[in-house]
Amino acid sequence: MAETVAERMARVIGERIVSGELAAGTPLRQDHIAEEFDASHVPAREALQLLRAQGLAVSLPRRGMRVAPLDQASIQETVEIRAALEALALRHAAPRINAAALERIELALAAGDKAETIAEWESANRVFHRELVSACRMPRLLAMLDDLQLANSRIIFSATRSAGWRPGSSIAHRQIVDALRKRDYHAAVSLLDAHIRALERATADGKPSLRETRPKG
């Protein structure tokens with residue numbers, strides 16, 4: 001399905017928020033957005049509502065729409081909700097994951113291991129998590145997780161921007177996949193939950209290591 005004008009606006013502005021180009025608290029003016037994209041105020045207003053639904057923008061009394069905060073409280077909220085919903089999705093998806101799905105998951109895992117930049121790794125990480133749960137057959141839940149993954153990506157970029165990033169291999173991702181191959185679905189869900197919640201602990205401790213790493217061979 002073709003992207004609407006409002007969706008294109010939200011995607012472009014969302015990318016700026018996720019990457020940190022637009023910092024927390026930055027005003028998001030409807031008139032400025034409409035002018036930049038050479039569009040009317042209607043799609044600009046819709047774009048702002050999409051960003052709000054994705055957790056990337058907030059509406060503040062007497063201050064208007066602004067880039068959402070990225071403090072420890074907002075990070076904790078994002079992580080808690082994502083951990084609960086992604087674990088729910090995997091519980092439904094795991095029994096339906098077939099050989100073709102496992103191959104797609106492995107490809108995403110390999111792409112993350114080969115990443116040389118945070119942008120490459122984050123893109124592979126997003127694909128990995130989506131492929132893990134895509135078999136759940138719950139489209140509304142998957143749409144919610146897509147929005148949460150954007151907020152998650154923003155946290156990752158923020159942490160690595162302040163403390164750096166180095167390539168490596170995700171042991172946690174590998175453990176989840178191994179549990180799925182063994183059809184130990186309970187273990188896979190528990191490992192996923194712990195893996196997601198590790199992001200909150202990493203940011204609270206001020207550490208940039210958002211995955212376990214080991215030297216590449």
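Structural data are supplied above this passage.
All figures in this text were calculated on a predicted structure; none of them were measured in a lab.

Draft legend 1. Molecular detail of the side chain of His 173. Tracing the sequence through the fold places His 173 in helix α8 (residues 171-181). Look at His 173 and you get buried, because its relative accessible area is 4%. When residues no more than four places from it in sequence are discounted, the contact partners of His 173 are Leu 109, Asn 125, Phe 128, His 129 and His 195.

Draft legend 2. Quick peek at the nonpolar core. Counting residues in hydrophobic clusters, the biggest one holds 59 residues, and the most contacted among them are Ile 13, Leu 28, Leu 90, Ile 97, Leu 132 and Leu 180. In this structure Ile 97 touches Leu 90, Leu 102, Ile 105, Leu 132, Ala 135 and Leu 180, once residues within four positions along its chain are discounted.

Draft legend 3. Expanded view of the pairing of strand β1 (residues 57-60). As defined by bridge partners, β1 adjoins strand β2 (residues 64-67) across 4 bridges and the pair is classed as antiparallel. For Ala 57, the partnering residue across the bridge sits in β2 and is Val 67.

Draft legend 4. Highlighting empty space enclosed by the protein. Tallying each qualifying case throughout the model produces 1 cavity of 30 Å³ or more. As for the largest cavity, its lining consists of 11 residues, and the residues nearest its centre are Ala 108, Leu 109, Gly 112, Trp 121 and His 173. Secondary-structure elements contributing two or more residues to the lining of the largest cavity are α5 (99-114) and α6 (118-133). Across the lining of the largest cavity, the residue classes break down as 5 nonpolar, 4 polar and 2 charged.

Draft legend 5. Fine view of the environment of Pro 69. With respect to the element layout, Pro 69 can be found in the loop between β2 and α4 (72-93). Distance from Pro 69 to Ala 57, taken between C-alpha atoms, is 8.2 Å for residues 12 residues apart in sequence. Those residues within four positions of Pro 69 in sequence are excluded, and the remaining contacts are Ala 24, Val 58, Ser 74 and Arg 154.

Draft legend 6. Representation of the packing of helix α1 (residues 5-19) against helix α3 (residues 41-53) in the model. With their axes 8 Å apart at the nearest point, α1 and α3 run at an angle of 50° to one another. Taken together, the axis directions place α1 and α3 in an arrangement best described as oblique. Here the hand of the crossing between α1 and α3 comes out right-handed. Residues Val 5, Ala 6, Glu 7, Met 9, Ala 10, Ile 13 and Gly 14 of α1 form the contact with α3, whose participating residues are Pro 43, Ala 44, Glu 46, Ala 47, Leu 50 and Leu 51. Each residue belonging to the contact of α1 with α3 can be placed in one class, and the counts come to 10 nonpolar, 1 polar and 2 charged.

Draft legend 7. Just unusual backbone geometry, in detail. Despite not being glycine, Asp 38 has its phi angle at roughly 50°, a positive value. Relative to the helices and strands, Asp 38 is located in the loop between α2 (30-36) and α3. Among the residues examined, Asp 38 registers a relative accessible area of 74% and is labelled exposed. Even without being a glycine, Arg 183 presents a positive backbone phi close to 60°. Note on placement: Arg 183 falls in the loop between α8 and α9 (185-204). Looking at Arg 183, the relative accessible area reads 58%, which means it is exposed.

Conventions and cut-offs
Residues numbered from 1 in each chain as written. Predicted model: local features only at pLDDT ≥ 70, side-chain atom pairs only at ≥ 80, totals over all residues. Heavy atoms only, no water. Helix = DSSP H or I, 4+ residues; strand = E, 2+ residues; numbered from the N terminus. Buried < 20%, exposed > 50% of the residue type's maximum accessible area, 1.4 Å probe, protein only. Contact = heavy atoms within 4.5 Å. Core = buried A, V, L, I, M, F, W, Y, C linked by side-chain atoms within 4.5 Å. Pairing = 2+ DSSP bridges. 1 Å grid on protein atoms, 1.4 Å probe; cavity = no way out; pocket = protein on both sides within 12 Å on 5 of 7 lines; lining within 4 Å. Points joined across faces, edges and corners; volume = space filled by probe spheres on them. Nonpolar A, V, L, I, M, F, W, Y, C, P; charged D, E, K, R; others polar. Axes fitted to C-alpha atoms, helices over the stretch in contact; angles between N-to-C directions. Parallel < 35°, antiparallel > 145°, perpendicular 65-115°, else oblique. Left-handed = near helix turned anticlockwise from the far one by under 90°.

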